[in-house]
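Below, each chain spelled out in residue letters.
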Amino acid sequence: MIRNFKNNIKGILIEGLTLSSALVIIAIVVVMVAVIVIGGKDQITWEFLTSFPEEGMTKGGIFPAIYGTALLVIIMSVAAVPFGTITAIYLTEYASENSIIAKTIRFAVRTLAVIPSIIYGLFGLGFFIKFVGTSMDTAFWGGQLKWGQPNILWASLTMALLTLPVVIVSVEEALKTVPRDLRAASLALGATKWQTIWKVVIPGSISGIMTGTILAVSRGAGEVAPILFTGVAYYVATLPGSLSDQFMVLGYHIYVMTTQSANVDQTMPIQFGTTLVLLSLTFMLNISAIVLRYRIRKNKTN
Amino acid sequence: MTKKNNKKKNTASSASDLIDITRRKFRWSDFIAEKVIKGVAFLSITIIVLIFIFVFRESLPIFASKKAATLQEATVASYEVQETYGEVTDQLQEPEVQETYGEVTDSPAGKEIQETYGEVVDSTAHAPVEENSYSVSAGSGYEDNQTALKTLTNKEWLPVSGNPRYGILPLIVGTFKITVIALLFAAPLAILAALYTASFASKRMKEIIKPTIEMLAGFPSVVIGFFALMVLATFLQDVFNYDTRLNSFVGGIAMGIAAIPIIFTITEDALTAVPKSYYEASLALGASKWQTAFFVILPAATPGIFAAILLGIGRVFGETMIALMATGNAAQMGLNPFESVRTLAATIGAEMAEVVFGDTHYNVLFLIGSLLFIFTFVLNAIAEFYVKGKLMKRIQGK
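Predicted model only: the values in this text are computed from it and were never measured.

Novice: How should the overall build of chain B be read in this particular structure?
Specialist: Counting its regular elements, chain B contains 15 helices and 2 strands. Among the 398 residues that make up chain B, the fraction classed as buried is 54%. Here the analysis covers contacts within chain B between residues at least 6 apart in sequence; of these, 71% occur between residues at least 24 apart.

Structural data, given as structure tokens:
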């Protein structure tokens with residue numbers, strides 16, 4: 001009986017320990033969100049979101065940062081989503097499961113997913129800016145420095161590389177939920193393989209493609225490290241008009257404001273406001289991706 | 001095709017007619033689609049190889065034994081101009097507020113930002129290489145590359161001074177300290193929480209915990225860094241009473257917060273992947289639920305937990321923004337967790353924007369990048385092959 005009692009106590013302790021770990025994590029998240037919301041909620045006004053920063057970032061709004069983030073993310077998606085979708089289609093439809101090629105590509109994708117984001121920045125600098133950019137300059141512009149500099153195009157392409165694994169994995173997951181019977185039926189009716197893919201499989205996995213895109217966008221909006229030296233700037237007087245301009249983003253704005261602004265008291269509310277905007281943005285994107293993914297999984301079990 | 005076959009004998013022709021019916025018509029769209037798809041898919045491998053090539057390529061000049069003096073020679077004049085940097089950074093202890101990373105931050109319990117960084121304020125002046133006046137580094141001639149190579153194992157990281165030293169040891173020590181602290185904080189929390197979610201949690205608790213972790217996973221690292229810099233640093237300093245406000249302890253905890261979702265997700269996957277037969281057999285033998293969870297399922301999921309920790313390490317190693325914001329950015333070697341450190345990734349992030357292309361400093365930064373790349377690559381490979389090996393063994397019944 002005493003042994004039973006001791007066992008019970010141990011059980012309660014262990015269960016309590018693990019439960020408290022979970023609660024600590026939840027508490028950390030809640031505190032983080034609460035601090036940012038409380039600190040920033042007064043800042044979110046229409047003027048804040050649509051005006052330019054003034055007087056050394058101590059007044060005004062963050063519109064160029066929002067615009068720059070949106071532009072960056074759009075160009076990035078245009079580059080990454082088709083590319084990633086096609087790779088995922090190859091992996092599920094054309095490559096046999098155990099072939100060397102499929103395994104190598106999967107290993108490559110998983111490795112790409114864990115490489116630190118700053119390495120992408122280095123690659124962007126060394127390859128896109130210094131190699132591709134300067135070659136373009138010497139070939140088309142006669143040596144004048146136009147593309148061999150950090151700008152929004154290279155930054156978006158760098159981000160596209162960063163988010164490629166996310167897109168590939170999400171699309172692959174969705175492609176796998178299309179039942180094999182559906183593909184077989186299509187082939188039996190006389191469609192070719194490509195027709196089956198184009199007209200049956202892809203429409204059936206649109207939600208997965210959307211999930212991948214949303215996750216990529218969320219990651220792209222939040223990551224700062226890859227664009228640190230491939231194109232972002234703290235203050236640009238005008239919105240980026242062409243692909244060879246520099247731009248502002250929310251994340252970088254937060255970083256520079258918190259670490260380098262001269263006038264802390266005045267910029268602090270703006271810091272919190274910007275952080276709140278960024279957090280809400282990524283939060284909304286992630287929620288929609290989660291909901292989509294949940295619906296995909298539900299369809300799968302059916 | 002059809003005509004030729006018709007000329008053969010009757011039986012053959014009827015057989016080949018059959019073949020004609022079943023042979024597909026050659027369609028251009030299919031052919032092109034397949035080629036395009038295959039081509040695009042191969043590109044992802046090519047990209048990894050390209051990343052390898054380019055990151056390593058830019059770091060190679062350091063090892064070059066014969067290097068002609070390049071166009072970018074810092075003249076004596078510009079040395080004079082740079083000396084102001086040099087002076088300041090020559091004392092590692094308490095450099096002034098003159099930018100550079102030698103920043104040990106000050107005033108405890110103060111509010112933020114004393115971390116003046118260096119002009120990370122980007123000037124687009126990535127101008128052609130002849131820009132001497134812009135040069136913040138010491139040069140890129142033969143001697144400088146040799147110095148770089150010789151000083152790689154130094155104990156000081158001072159690339160911007162009259163006598164540049166590129167010792168990466170303090171950076172490695174800093175990264176190591178942060179990783180240890182982050183893991184000590186995150187791994188027990190995440191693993192125990194995953195154990196709870198996998199074995200003890202009711203459905204409702206699962207529905208609270210899992211989305212919270214996913215939300216945490218979606219936090220941009222800038223936001224976590226911001227939180228650490230603004231709130232966490234003050235809080236921890238009040239609780240533990242140390243001198244420097246931004247140090248490896250704060251940075252480590254913040255990185256741990258960033259690593260928790262990864263460790264949690266993978267551990268939970270590993271725990272739920274343990275075959276149900278283990279669970280049922282243990283219960284059948286009379287063990288209680290917690291005994292099963294702790295003594296049967298947890299050990300059985302060890303390869304997965306190991307992989308989770310490895311991936312957590314990988315994440316912390318490469319994390320840049322939190323390191324830039326919350327660690328104090330002073331390249332010091334010391335084992336005290338309450339002093340500022342500088343990590344490898346933060347060095348790249350902070351200094352790359354101001355470095356002249358083709359310069360020794362530039363090459364050393366790429367070398368650091370190559371180190372990071374190799375390290376995470378190896379870590380990921382170990383996690384994958386080790387875990388797969390163990391799982392294969394178990395499935396085969398060993």
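Novice: I keep staring at the overall build of chain A and nothing clicks. Help me out?
Specialist: Helix and strand counts for chain A come out as 11 helices and 2 strands. Beginning at the N terminus, the succession of helices and strands in chain A can be written as α-α-β-β-α-α-α-α-α-α-α-α-α. Over its C-alpha atoms, taken along the principal directions, chain A stretches across nearly 70 × 65 × 35 Å. Buried residues in chain A amount to 55% of all 302 residues.

Novice: Looking at this model, I keep getting lost on the nonpolar core. Mind explaining?
Specialist: It is characteristic of soluble globular proteins that their nonpolar side chains tend to be buried jointly. Counting residues in hydrophobic clusters, the biggest one holds 183 residues, and the most contacted among them are Ile118, Leu228, Tyr252 and Tyr255 of chain A together with Ile51 and Trp157 of chain B. Take this core: its biggest share by element is 15 residues, from helix H6 (residues 169-200) of chain B. Counting residues in each nonpolar core, the second largest holds 8 residues, with Val73, Ile214, Leu215 and Leu292 of chain A among its members.

Novice: Would you mind going over helix H8 (residues 193-204) of chain A with me for this structure?
Specialist: Every α-helix carries 3.6 residues per turn, so stepping three or four residues along brings you back to the same face. Taking 1.5 Å of rise per residue, the 12 residues of H8 of chain A would be expected to cover 16 Å, and the 15 Å separating its terminal C-alpha atoms lies within 8% of that figure. Turning to H8 of chain A, its buried residues are Trp194, Thr196, Ile197, Val201 and Ile202 of chain A. Projection of H8 of chain A onto a plane perpendicular to its axis shows the buried side chains occupying an angular sector of 140 degrees, all on one side. Exposed and oriented more than 90 degrees from the buried face of H8 of chain A are Trp198 and Lys199 of chain A. Elements that come into contact with the buried residues of H8 of chain A comprise helix H3 (63-94), helix H6 (152-177), helix H7 (180-188) and helix H9 (206-222) of chain A together with helix H3 (28-59) of chain B.

Novice: Is there a simple way to think about the interface of chain A and chain B in this case?
Specialist: Many structure descriptions define interface size as the accessible area lost when the parts assemble. Listed as interface residues are 85 residues of chain A and, on the opposing side, 93 residues of chain B. For the pairing of chain A and chain B, the buried interface totals around 8,100 Å² over both sides, and the portion due to carbon and sulfur atoms is 80%. Summed over the three residues of chain A that lose the most area to chain B, namely Ile25, Met32 and Tyr255 of chain A, the buried surface amounts to 8% of that side. Counting across the chain A and chain B interface gives 1 salt bridge. In this structure, the salt-bridge partner of Arg110 of chain A is Glu384 of chain B, at a minimum N-O distance of 2.7 Å. The interface formed by chain A and chain B contains 4 residue pairs in polar contact (both at pLDDT 80 or more). Put simply, the parts of the chain that give the side of chain A that touches chain B at least two residues each are helix H1 (2-40), H3, helix H4 (100-114), helix H5 (117-140), H6, H8, helix H10 (250-260) and helix H11 (264-301) of chain A. The greatest single-element share of the side of chain A that touches chain B, amounting to 20 residues, is contributed by H1 of chain A. Residue composition of the side of chain A that touches chain B, grouped by class: 57 nonpolar, 22 polar and 6 charged.

Novice: I tried to follow the confidence of the model for chain B on my own but got confused; where do I start?
Specialist: Low-confidence regions, as indicated by low pLDDT, have predicted coordinates that should not be scrutinised in detail. Residues at a pLDDT of 70 or more form 69% of chain B, whose mean pLDDT is 74. Confidence drops under a pLDDT of 50 for residues 4-9 of chain B, and excluding neighbours within four residues, the segment shows 5 contacts in the predicted structure.

Novice: I'm lost on the pattern of salt bridges in this one. Help?
Specialist: A side chain of one charge can pair with a side chain of the opposite charge if their charged atoms are brought near each other. Residues and elements named next belong to chain A. All told, the structure shown has 10 salt bridges over all chains when counted by the stated rule. Here Glu93 makes a salt bridge to Arg183, at a shortest N to O gap of 2.9 Å. With Glu93 in helix H3 and Arg183 in helix H7, the pair connects residues that are 90 residues apart, well separated along the chain. For the pair formed by Glu93 and Arg183, the shared burial category is buried. Residues joined in a network through salt bridges with shared partners are Arg106, Glu172 and Lys176.

Novice: Where do I start with the packing of H1 of chain A against H6 of chain B in this structure?
Specialist: The axes of two packed helices give the description: the angle between them and the distance between them. The interhelical angle for the contact between H1 of chain A and H6 of chain B, taken along N-to-C directions, is 115 degrees, at an axis separation of 8 Å. Crossing handedness for the pair H1 of chain A and H6 of chain B: left-handed. Across the interface between the two elements, Ile14, Glu15, Leu17, Thr18, Leu19, Ser21, Ala22, Val24, Ile25 and Ile28 of chain A from H1 of chain A touch Phe185, Leu189, Ala190, Leu192, Ala193, Leu195, Tyr196 and Phe200 of chain B from H6 of chain B.

Novice: Explain the environment of Leu183 of chain B here, please?
Specialist: Residues and elements named next belong to chain B. Along the polypeptide, Leu183 turns up in helix H6. We classify Leu183 as buried; its relative accessible area is 14%. If sequence neighbours within four positions are ignored, Leu183 has contacts with Pro188, Ile263, Ile309 and Ile313.

Novice: I would appreciate a short explanation of the packing of aromatic side chains in the present structure.
Specialist: Each aromatic ring pair is summarised here by two numbers: the centre-to-centre distance and the angle between the ring planes. Tallied over the full model, the rule gives 24 aromatic pairs over all chains. Here Trp194 of chain A and Trp198 of chain A contribute two aromatic rings whose centre-to-centre distance is 5.7 Å and whose plane-to-plane angle is 20 degrees, an arrangement assigned as stacked. Here Trp194 of chain A pairs with Trp198 of chain A, and both are found in helix H8, just 4 residues apart, close to one helical turn. Of the residues examined, Trp194 of chain A reaches a relative accessible area of 18% and is grouped as buried. Ring centres 6.2 Å apart and planes at 15 degrees place the aromatic pair Phe373 of chain B and Phe377 of chain B in the stacked group. Residue Phe373 of chain B and its partner Phe377 of chain B are located together in helix H15 (residues 360-395), separated by 4 residues, close to a single helical turn. Among the aromatic residues, ring-to-ring pairing joins Phe123, Phe127, Phe128, Phe131 and Trp154 of chain A into one connected group. Here the basic side chain of Lys193 of chain A rests over the ring of Tyr94 of chain A, its NZ or CZ set 4.6 Å away from the ring centre.

Novice: I keep staring at unusual backbone geometry and nothing clicks. Help me out?
Specialist: For residues that are not glycine, phi is negative in most cases, and the peptide bond is trans in most cases. All names here are of chain B. Phi at Asn241 is positive, roughly 55 degrees, even though this residue is not glycine. Locating Asn241 in the fold gives a position in the loop between helix H8 (221-240) and helix H9 (248-273). With relative accessibility at 65%, the residue Asn241 sits in the exposed group. Phi is positive for Asn329, which is not a glycine, with a value near 55 degrees. Among the secondary structure elements, Asn329 is positioned in the loop between helix H13 (321-326) and helix H14 (344-351).

Novice: Sorry if this is basic, but what is going on with a nonpolar patch on the surface here?
Specialist: A contiguous nonpolar surface patch, about 540 Å² in accessible area, is contributed by Phe26, Trp28, Phe31, Ile32 and Val36 of chain B. Residue Trp28 of chain B is classed as exposed on the basis of its relative accessible area of 59%.

Novice: How do you make sense of the packing of helix H7 (residues 203-218) of chain B against H9 of chain B when you look at a structure like this?
Specialist: Residues and elements named next belong to chain B. At a closest axis distance of 8 Å, the pairing of H7 and H9 adopts a crossing angle of 135 degrees. As judged from the angle between their axes, H7 and H9 are oblique. Here H7 and H9 pass one another in a crossing that is left-handed. Between H7, through Ile209, Lys210, Ile213, Leu216 and Ala217, and H9, the contact on the second element is made entirely by Ile257, Ile260, Pro261, Phe264 and Glu268. The residue makeup of the contact of H7 with H9, split by class, is 8 nonpolar, no polar and 2 charged.

Novice: So what exactly am I meant to see when it comes to the side chain of Glu351 of chain B here?
Specialist: Checked against the element boundaries, Glu351 of chain B lands in helix H14. There is a polar contact of 2.5 Å between the side chain of Glu351 of chain B and the side chain of His361 of chain B.

Novice: How do you make sense of the environment of Thr265 of chain B when you look at a structure like this?
Specialist: Note on placement: Thr265 of chain B falls in helix H9. The exposure class of Thr265 of chain B is partly exposed, given its relative accessible area of 39%.

Quick notes on the rules
- Residues numbered from 1 in each chain as written.
- Chains lettered and ligands numbered in written order.
- Predicted model: local features only at pLDDT ≥ 70, side-chain atom pairs only at ≥ 80, totals over all residues.
- Heavy atoms only, no water.
- Helix = DSSP H or I, 4+ residues; strand = E, 2+ residues; numbered from the N terminus.
- Buried < 20%, exposed > 50% of the residue type's maximum accessible area, 1.4 Å probe, protein only.
- Contact = heavy atoms within 4.5 Å.
- Core = buried A, V, L, I, M, F, W, Y, C linked by side-chain atoms within 4.5 Å.
- Expected span 1.5 Å × (residues − 1).
- Arc of directions from axis to C-beta.
- Buried area = accessible area lost by both parts, 1.4 Å probe.
- Salt bridge = Lys/Arg side-chain N within 4 Å of Asp/Glu carboxyl O.
- Polar contact = N/O pair within 3.5 Å; in protein donor to acceptor, adjacent residues only side chain to side chain.
- Nonpolar A, V, L, I, M, F, W, Y, C, P; charged D, E, K, R; others polar.
- pLDDT = per-residue confidence, 0-100.
- Axes fitted to C-alpha atoms, helices over the stretch in contact; angles between N-to-C directions.
- Left-handed = near helix turned anticlockwise from the far one by under 90°.
- Phe/Tyr/Trp six-rings, centres within 6.5 Å; stacked < 30°, edge-to-face > 60°.
- Lys NZ or Arg CZ within 6 Å of the ring centre and 35° of its normal.
- Patch = residues over 30% accessible without salt bridge, like charges linked within 9 Å, V, L, I, M, F, W, Y side chains within 5 Å.
- Areas by Shrake-Rupley, 256 points an atom, 1.4 Å probe, with all protein chains shown as cover.
- Parallel < 35°, antiparallel > 145°, perpendicular 65-115°, else oblique.

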